[in-house]
Amino acid sequence: MRVFVTGASGHIGSAVLPELLRAGHQVVGLARSDGAAEAVAAAGAEVRRGDLDDLDGLREAAEASDGVIHLAFKHDEMRTGNFPAAVAADLAAVEALGSALEGTGKPFVISSGTLMLTFAGVTGRPGTEADFGSGGPRVDAENYVIGLAEHGVRSSIVRLPPIVHSSLDHHGFVHVLTDIARRSGVSAYVGDGANRWPSVHTLDAARVYRLALETAPAGSRLHAVAEEGVPFRDIAAAIGRGVGVPTDGISAADAAERFAFLGAFAGADNPTSSEVTRKVLGWEPAHPGLIEDLDHGHYFAQV
């Protein structure tokens, strides 16, 4: 297939591109900057210059492809507190890509997050692929893409856990938590830290995207989750070991000040199952778990 990939030079994209190329696909990667274009070309993919705001360009690229994987998101907006703007830009891009694929039978794979399940009210049990919200940030994009299955698109959603970890990760939540621990002198968790975050290795997640592109049934919700739920206090303890600072709990009232834009998420309990995804795609994770990866130390090397 000729596959158009947004976010091609990012954390997940840096693993998805070689995964697709090794499988024999031709890849066209969207690149906004010269550095991104160089990274896409170095991976062996064709470069298409543009960004998420170029909706006509996105439609044109989707029409010229045999399938689309949408990975890009305005993380810089989210980190500076403008999450609504990032969500709005993502939904506009998804609608532009999706409209170009209607009636073609081509695959369209987009990204979402498992944390959305917690905020949709899934509590007291692991979230499943059958769970979804009626609307809201990123959920609107999910529901739009699932609806494309009724309009001639082999659409699927890959929900990523809050921590996708590996040496390819340079800006993810582990780095945010590590920087906070260094600045504050404590690697913190909320309350008793028993709330759980799922995780997956980047290379295992990349395989989910490829398999979704190739084989996922239309209207599939998929979970790229290797570990159903790692207690947040264990994550904090591993970061504390890596940084060389103590670990301690803080109150929920102090979470926003300590964790900044992650304040709303740090205390969330988000155990998530990937049982259906494993069966549908024939996928099994093959790389180290989160704590083992943290203990390797690459997250804590300072340049």
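Structural data are supplied above this passage.
I will try to describe carefully the structure that is included in this document. Treat the numbers as computed from the prediction; the structure is a model and nothing was measured. Position numbers for residues count from 1 along each chain, tracking the sequence in the order it is written. Restriction of local features to residues with pLDDT of at least 70 applies here, the model being predicted, together with a cutoff of 80 or more for giving and counting side-chain atom pairs; totals for whole chains, interfaces and linings are based on all residues. Excluded from the side-chain calculations are hydrogens and water; all other atoms, namely the structure's heavy atoms, are used.

### Topic: the sheet that holds strand β5 (residues 107–113)
Here is the rule we go by: DSSP-based pairing: two strands are paired if at least 2 bridges between them are found. Helix and strand definitions here come from DSSP, where helices need a minimum of 4 consecutive H or I residues and strands a minimum of 2 consecutive E residues; each element is numbered from the N-terminal end. Think of each axis as a best-fit line through the C-alpha atoms, taken over the contacting stretch in the case of a helix, with angles from 0 to 180 degrees between the N-to-C directions. Only heavy atoms enter the contact rule, under which two residues are in contact if any of them lie within 4.5 Å.
Pairing is parallel in the open sheet, where seven strands are placed in the order β3-β2-β1-β4-β5-β6-β10. Looking at which strands have only one partner, the edges of the open sheet turn out to be β3 (46–49) and β10 (220–223). In this sheet, neighbouring strand axes are inclined to one another by 20 degrees on average, regardless of whether the strands run parallel or antiparallel. Where β5 lies against strand β6 (residues 154–160), seven bridges are found, and the strand directions are parallel. Looking at the pairing, Ser111 lines up with Val158 of β6. Sheet strands touched by helix α2 (residues 34–42): β2 (26–31) and β3. Its angle to β3, the strand with the most contacts, is close to 160 degrees.

### A few points about the packing of aromatic side chains
Aromatic rings considered in pairs are described by the distance between their centres and by the relative angle of their planes. Threshold: Ring pairs shown here join Phe, Tyr and Trp side chains whose ring centres sit within 6.5 Å, with only the six-membered ring taken for Trp; geometry is labelled stacked below 30 degrees between planes, edge-to-face above 60, and tilted in between. When a residue's accessible area, from a 1.4 Å probe over protein chains only, is under 20% of the maximum for its type it is buried; when over 50% it is exposed; and in between it is partly exposed.
Under the defined criterion, the tally for this structure stands at six aromatic pairs. Ring geometry for Phe119 versus Phe265: centroids 5.6 Å apart, planes at 75 degrees, classification edge-to-face. Of this pair, Phe119 sits in helix α6 (residues 115–119) while Phe265 sits in the loop between α11 (255–259) and α12 (275–281), and the two are 146 residues apart along the sequence. Owing to a relative accessible area of 47%, Phe119 belongs among the partly exposed residues under this scheme. By relative accessible area, which is 15% here, Phe265 ends up buried. Where Phe232 meets Phe259, the ring centres are 6.2 Å apart and the plane angle is 85 degrees; that geometry is what we call edge-to-face. Of this pair, Phe232 sits in helix α10 (residues 232–243) while Phe259 sits in helix α11; the two residues are 27 residues apart in sequence, bridging distant segments of the chain.

### What about the side chain of His25?
This is how the line gets drawn: Think of a polar contact as two N or O atoms within 3.5 Å of one another; within protein, one of them needs to be a possible hydrogen donor and the other a possible acceptor, and neighboring residues in sequence only count if both atoms come from side chains.
For His25, the position within the fold is in the loop between α1 (13–22) and β2. Judged by its relative accessible area of 10%, His25 is buried. Engagement of the side chain of His25 in a polar contact is seen with the backbone nitrogen of Met1, the distance being 3.2 Å. Among residues more than four places away in sequence, those in contact with His25 are Met1, Val3, Leu20, Leu213 and Glu214.

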